[in-house]
Amino acid sequence: MTKQQSVQNSPDSNGASSSGAPEKAGIILTTLIVVAAVANLPLAMANVALPSIGTYFDASQTQLNLVAVGYSLGLACSVLWLGALGDRYGRKQIALLGVTLAIPAALICGFAPTIQILIAGRLFGGIAAGMAFPTCLALIAALWGPGPKRTQAIALWAATGGAINACGPLISGVLLLFLPWNAVFMVVIPVALVALFLAFKYIPAHVNESTEPVDNIGGILSMVFVGALILTIN
Amino acid sequence: MGKLVLSLAAVALVTLVLFIIRQRRAENPLYDLKVAVRPTFWVAAVGGIIVFGSLMGAMFLGQQFLQNVLGYSTVAAGAAILPAAVLMIVVAPRSAKLVHGQGSRFTLLLSFAAVLIAFLLMFVFWKEGTSYWLIGLAYVFLGAGVGLGGTPSSNSLAASVPITKVGMASGTTDLQRDLGGALMQSIFGALLTAGFAGSMSSAIAAAPNSSEISSSVASQLMLSYASAETIAQQYPQYANQITSAAKTAFLAGDNYAYIAGIIAVLIGAALIYFFYPNHAKEEELLQTYHAADAQQ
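Residues numbered from 1 in each chain as written. Chains lettered and ligands numbered in written order. Predicted model: local features only at pLDDT ≥ 70, side-chain atom pairs only at ≥ 80, totals over all residues.

Chemist: Help me get a handle on the packing of helix α5 (residues 115-143) of chain A against helix α8 (residues 166-206) of chain B, residues and values and all.
Modeler: Running from amino to carboxyl end, α5(A) crosses α8(B) at an angle of 130°, the nearest separation of the two axes being 8 Å. Between α5(A) and α8(B), the angle falls in the class oblique. Seen from above, α5(A) lies across α8(B) with right-handed handedness. The residues of α8(B) that touch α5(A), namely those facing A:Phe133, A:Pro134, A:Cys136, A:Leu137, A:Ala138, A:Ala141 and A:Ala142, are B:Val166, B:Gly167, B:Ala169, B:Ser170, B:Gly171, B:Thr173 and B:Asp174. Residue classes in the contact of α5(A) with α8(B) are distributed as nine nonpolar, four polar and one charged. (Axes fitted to C-alpha atoms, helices over the stretch in contact; angles between N-to-C directions. Helix = DSSP H or I, 4+ residues; strand = E, 2+ residues; numbered from the N terminus. Parallel < 35°, antiparallel > 145°, perpendicular 65-115°, else oblique. Left-handed = near helix turned anticlockwise from the far one by under 90°. Contact = placed C-beta atoms within 7 Å. Nonpolar A, V, L, I, M, F, W, Y, C, P; charged D, E, K, R; others polar.)

Shown next, in the form of structure tokens:
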């Protein structure tokens, strides 16, 4: 592979510079923070609602653990493969798909008639997040050239993600004062709609992407490996 | 349960070996092991696992401690963490400056020091009747640690991979949070359960009427704080003794978990100290990597 083959577009033709920030850096970073929030919120918020879910479905502890773990399981096991697919076929496209699928996933969880469907919805939501999440840092790295500005962008993006995680229990606690457990899963829908609009409008497509074929066998192996690892730990 | 865990562990091990073989042979590996063994990649990845794992583990313990021992409501316990969230955002821009001024190694070590202080504060001061400022103070240090550590770990990952393959770095960043959170939560959870059961069993043995406590009630009492509380409601005449024994037992389990947190942070700090390159060497290495990746 020569360099020409592996770099699809020359960086300057896409508004991304080899060093420093892209045009509209502020709004692009905001978009990526909101997209990451779509992936992170369901992870951070569900645990507080577990006791009410347990009572509602008369669920066993194992089933409740699966509701808690299902999302991170779907996310963790798909993220390496989907990240590579994004590098090859378009990070913007995969991010848009992931954010879009987060909406039906939230609806499935919120309206789940049985605990099994709720668990399936969590797994599905995790995979949707696996599409949205790995494209965020990848886009920052592809759009901001190496250097202090990229580090600043990564710092803000990582810190906001951590802060949203830390606020998750409070947001769901407050919601549960007024609403049934279903609301905890629905919160992400308006955030996803905002993320969809912002991502569609502001994220540049196909910057610094790869043209090499994706190692799909490796992708499947990584999925089974990380999935089994997470289940073993839990 | 034990059989299931063993077979899952076996599946994980076998697929890991197959994955490594595949990645060494594949022409366009999904997870380029030549990149993954770069110290700016793997040490940063492990450091991030410990920092984010500590955050989630401490939140997991803290929520239960605040509700069980201090009697906070769910909402109050959620709000108690807010200082951590604020500190993450406040510290993050400074951590970016530190990464470029002093290097990732220095910034990561500073982050680990802050998380260490947070766990020490929890270990020493979080008891029955602790006032909120000591709770908040521990969360301030935890938030500062995560704000300081999140930047260099994600940034080093992104800087260590070729630009057309940043999905690998981004995926690893996510795994740091997921694996770190799962690992620390299950270790803390197991220690909490074991410490709780041990302390509760000696409390039952020491009770004046211990011979009257049936073995099924005793095992219910030793199971968890919540199940001990259920028993306390069934035997209102002993409710006070049961609740106070359960609080003591919870704190005993909690202390084991904090010690585990302290050990994890010290191991991580040692790893970074010995294996992550210093500032000058870090920049030199990253330039070598970029040159090597550009030639491919």
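Chemist: Would you mind going over helix α6 (residues 148-178) of chain A in detail, with residue names and values included?
Modeler: All names here are of chain A. For α6, with 31 residues, the first-to-last C-alpha span of 45 Å sits near the 45 Å given by 1.5 Å per residue. At cysteine 167, α6 shows its strongest bend, of approximately 40°, with the proline proline 169 following within four residues. Within α6, 23 of the 31 residues are buried, leaving the element largely enclosed by the surrounding structure. (Expected span 1.5 Å × (residues − 1). Bend = angle between axes of the 7 residues up to and from the residue. Buried ≥ 20, exposed ≤ 12 C-beta atoms within 10 Å, placed from the backbone.)

Chemist: Tell me what's going on with the interface of chain B and chain A, and back it up with residues and numbers.
Modeler: Facing the 62 residues of chain B at the interface are 62 residues of chain A. Looking at the side of chain B that touches chain A element by element, the count peaks at 14 residues for α8(B).

Chemist: Report on the nonpolar core, specifying residues and quantitative values.
Modeler: Grouped together as the largest cluster of nonpolar side chains are 178 residues, with contacts concentrated most on A:Val35, A:Val38, A:Ala132, A:Ile140 and A:Trp157. In contact with A:Ile140, not counting residues within four places along its chain, are A:Leu32, A:Arg150, A:Ala153, A:Ile154 and A:Trp157. (Core = buried A, V, L, I, M, F, W, Y, C linked by C-beta atoms within 7 Å.)

Chemist: Residue-level account of the packing of helix α3 (residues 61-89) of chain A against helix α4 (residues 91-110) of chain A, with values.
Modeler: Residue and element names in this part refer to chain A. One way to put it is that α3 packs onto α4 with a least axis distance of 6 Å and a crossing angle of 130°. One way to sum up the angle between α3 and α4 is to call them oblique. Of α4, the residues touching α3 (which contributes Leu82, Leu85, Gly86 and Tyr89) are Arg91, Gln93 and Ile94. In terms of residue class, the contact of α3 with α4 is built from four nonpolar, two polar and one charged.

Chemist: Would you mind going over the environment of B:Gly253 in detail, with residue names and values included?
Modeler: Inspection of the secondary structure assignment puts B:Gly253 in helix α11 (residues 239-275). Residue B:Gly253 is classed as buried on the basis of its 25 C-beta neighbours within 10 Å.

Chemist: Could you give an account of the confidence of the model for chain A, naming the residues involved and the relevant values?
Modeler: Averaged over every residue, the pLDDT of chain A is 86; residues scoring 70 or more account for 92%. Contacts from residues 1-17 of chain A, a stretch scored under 50 in pLDDT, to residues over four places away or in other chains number 35 contacts. (pLDDT = per-residue confidence, 0-100.)

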